[in-house]
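# Inside the fold
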Amino acid sequence: MTVTERPGLGLRLLRLLGLPILLILAWWAFSVTSESFYVPTPPRVVQAFAETWFSPRLIDDALPSVARLLAGYALATVLGVGLGVPIGLSVRLRAAAEPVLEFFRAIPPPVLVPLIMLLAGIDNGMKILVIVSGCVWPILLNTVEGVRALDQVLSDTCRMYGVRGRSRLRHLVLRGASPQIMAGLRQALSVGIILMVISEMFASSSGLGFTIVLFQRGFAIPEMWSGILLLGLLGFGLSVIFRWMERRVLSWHWSHRA
Amino acid sequence: MLEVTGLKKVYESTGREAVGDLSFQLDAGELACVVGPSGCGKTTLLRCVAGLLAPTAGTIRVAGVPVTGPPDNMAVVFQEYGRSLFPWMTVQQNVELPLKEKKLPKVRRAELVAESLAAVGLADVPRSYPWQLSGGMQQRVAIARALAYEPEVLLMDEPFAAVDAQTRGELEDLVLRIWQRLGTTTLFITHDIDEAIYLGQRVIVLSSSPTVVLEDVKVDLPPERDQLATRALPRFTELRGHVYAQIQRAKDTR
Ligand SMILES: Nc1ncnc2c1ncn2[C@@H]1O[C@H](COP(=O)(O)OP(=O)(O)OP(=O)(O)O)[C@@H](O)[C@H]1O
Ligand SMILES: [Mg+2]
């Protein structure tokens, strides 16, 4: 159906890798000329990356971080969608809840870390709670918006043809709101990664955020940079997976509007 | 089969009275068309009859049972056909969903879906998505969904207002053929006087808002209709002139 030809493989690779390669070269030039101890050359960082992360550290520090991120994100999804659907469906509930939701959304999630530490301690539970407390708002508010904007004609059609209850939830409400819900999930993913790191910087004995701070304090500068690189790669990987899922869930939506 | 008695609808939000004191009835198996000027309250009437909107006063009965919510034995084809199909479902899934809710066995569902899609001339696109089809084809899917539901009463709200003249003629004949075969009691709403006379056994003429029945015209044309021949009959022209004059008068005395 598309009219435009796909460009050749060479051109596509150039587009994909061109900018990253340029940036690395710029960094290289900068780090070689600079005398600063804090700016290591790329080969040094790559070497530190291999030494630091191809080791038990990957399992002791990186894996728990990712596990907490995924747990918090999943919990926030269940909460956000689970609360967002009834609020979106009921005019009264919405009128009561919306100002409060907007208020909580306006609080920058990192400031909750000290509070949650006091309330929930400094274990895994606290870190997951921090992630949930930040991720839940974009998901919740987007779900409310998506459910509220469901098409009136489609919803009349459901009433007419006896599509009610769970079946209505599944075929009309969740599917109809899915473009908005996915937008909320996408925002929540970046919030989640930030909070994962921050929660570990405050009080922790393991995790990516903890490790980066540890290296920084010990002046292990290339190692610190390698941690930042790993975080970047992690974010990139998760976003690729997310995009792949989104394409499957919303294929109808994009074709429908094209 | 369908009795509307003293129906009145005032929209509370705006205080606007859309339907005045409106009464008519349809016998089982009848096809009646409702015409009225644009914005007179046709859709409001339909939504009340369908049980989607609570009337301010008056009663509606379907097969003797008062309507308080959408009745089980009724299907509707909406004015906004594009928005009444689920874009995330294929044509087949769209037609099949109401049948699943009716708890029909799988084999029977497959039969009904295939039959109704064949009846509207869409047997070859069950796996397409609505947005892959033209407007006329989408409206056919909506009609197929209504047919597969096997309703006793079928309501249609200006179903062909947004399709081109050629397709419109074909769809009109499709509705007539299906009605002649199944004998479903049908209320067909339109603002097009020609269409109303061509399709209906009766034409119910509505006044402008707040709408009441101006006249209930019996269409005494031969039952076999043909796009060219029927429309060329002197009697057709006469009826059209009559209904047209009624509607003009209704507009002037507003
Ligand atoms: N939800 C609503 N709230 C308030 N007023 C409404 C509502 N829906 C319709 N109306 C008003 O009621 C009147 C009748 O509207 P309705 O849609 O029933 O007319 P219609 O005959 O179907 O028009 P059309 O020919 O354009 O389809 C209009 O004046 C409209 O402004
Ligand atoms: Mg209308």
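What counts and how
Chains are numbered independently. Their residues run from 1 in the order of the written sequence. In the order they appear in the text, chains get letters beginning with A and ligands get numbers beginning with 1. Given that this is a predicted model, residues contribute local features only at a pLDDT of at least 70 and side-chain atom pairs are listed and counted only at 80 or more, while totals for whole chains, interfaces and linings are drawn from all residues. Side-chain metrics in this entry use all non-hydrogen atoms of the structure; hydrogen atoms and water are not considered. Listed donors are limited to N, O and S atoms within 2.8 Å of the metal, widened to 3.2 Å for Na, K and Ca; water is not among them, so incomplete-looking sites are possible. The helix count covers DSSP runs of H or I at least four residues long, the strand count covers runs of E at least two residues long, and both are numbered beginning at the N terminus. The rule is simple: take the accessible area with a 1.4 Å probe, protein chains only, and divide by the maximum for that residue type; under 20% is buried, over 50% is exposed, in between is partly exposed. Pairing between two strands is assigned when DSSP locates at least 2 bridges connecting them. Angles run from 0 to 180 degrees between N-to-C directions of axes, and those axes are lines fitted to C-alpha atoms, restricted for helices to the stretch in contact. Throughout, a residue-residue contact means that at least one pair of heavy atoms, one from each residue, lies within 4.5 Å. The cutoff for a nearby residue is simple: one of its non-hydrogen atoms must lie within 4 Å of the molecule or strand. Throughout this description, a polar contact denotes any pair of N or O atoms lying within 3.5 Å of each other; where both atoms belong to protein, one of them has to be capable of donating a hydrogen while the other can accept it, and for residues adjacent in sequence the pair is counted only when both atoms sit in side chains. For every accessible area listed, the method is Shrake-Rupley and the probe measures 1.4 Å; residues are considered covered only by the protein chains on display. Throughout, the ten residues Ala, Val, Leu, Ile, Met, Phe, Trp, Tyr, Cys and Pro are labelled nonpolar, Asp, Glu, Lys and Arg are labelled charged, and all others, Gly among them, are labelled polar.

## Here we look at the coordination of the magnesium ion (ligand 2)
Residue and element names in this part refer to chain B. Surrounding the magnesium ion (ligand 2) are the protein donor atoms Thr43 (OG1) and Gln79 (OE1), at 1.8 to 2.6 Å. Remark: Gln79 occurs in the loop between β6 (74-77) and α2 (81-84) and Thr43 occurs in helix α1 (residues 42-49); sequence separation between them is 36 residues. What makes Thr43 partly exposed here is its relative accessible area of 30%.

## Looking at the sheet that holds strand β9 (residues 202-206) of chain B
Residues and elements named next belong to chain B. Read from one edge of the open sheet, six strands run β6-β7-β8-β3-β9-β10, paired in mixed fashion. Strands at the two margins of the open sheet, each flanked by one partner only, are β6 and β10 (213-218). Strand-to-strand twist across the sheet, computed as the mean angle between neighbouring axes with direction ignored, equals 15°. Bridging between β6 and strand β7 (residues 153-157) involves four bridges; their strand directions are parallel. Within the sheet, the bridge partner assigned to Val77 lies in β7 and is Met156. Contacts from helix α9 (residues 234-252) reach β3 (31-35), β9 and β10, with the element oriented near 175° to β10.

## Brief notes about the site of ligand 1
Residue and element names in this part refer to chain B. Surveying the vicinity of ligand 1 reveals 14 residues, the closest of which are Arg16, Gly41, Lys42, Thr43 and Thr44. A distance of 3.3 Å separates an oxygen atom of ligand 1 from a polar side-chain atom of Gln79. Contact distances for ligand 1 include 3.1 Å between an oxygen atom and a side-chain N or O atom of Glu158. Alone, ligand 1 offers 640 Å² of accessible surface; in the complex the protein occludes 66% of this. If you list the elements that add at least two residues to the shell around ligand 1, you get β2 (16-26) and α1. It is α1 that provides the largest number of residues to the shell around ligand 1, a total of three residues. For the shell around ligand 1, the class distribution of residues is three nonpolar, eight polar and three charged.

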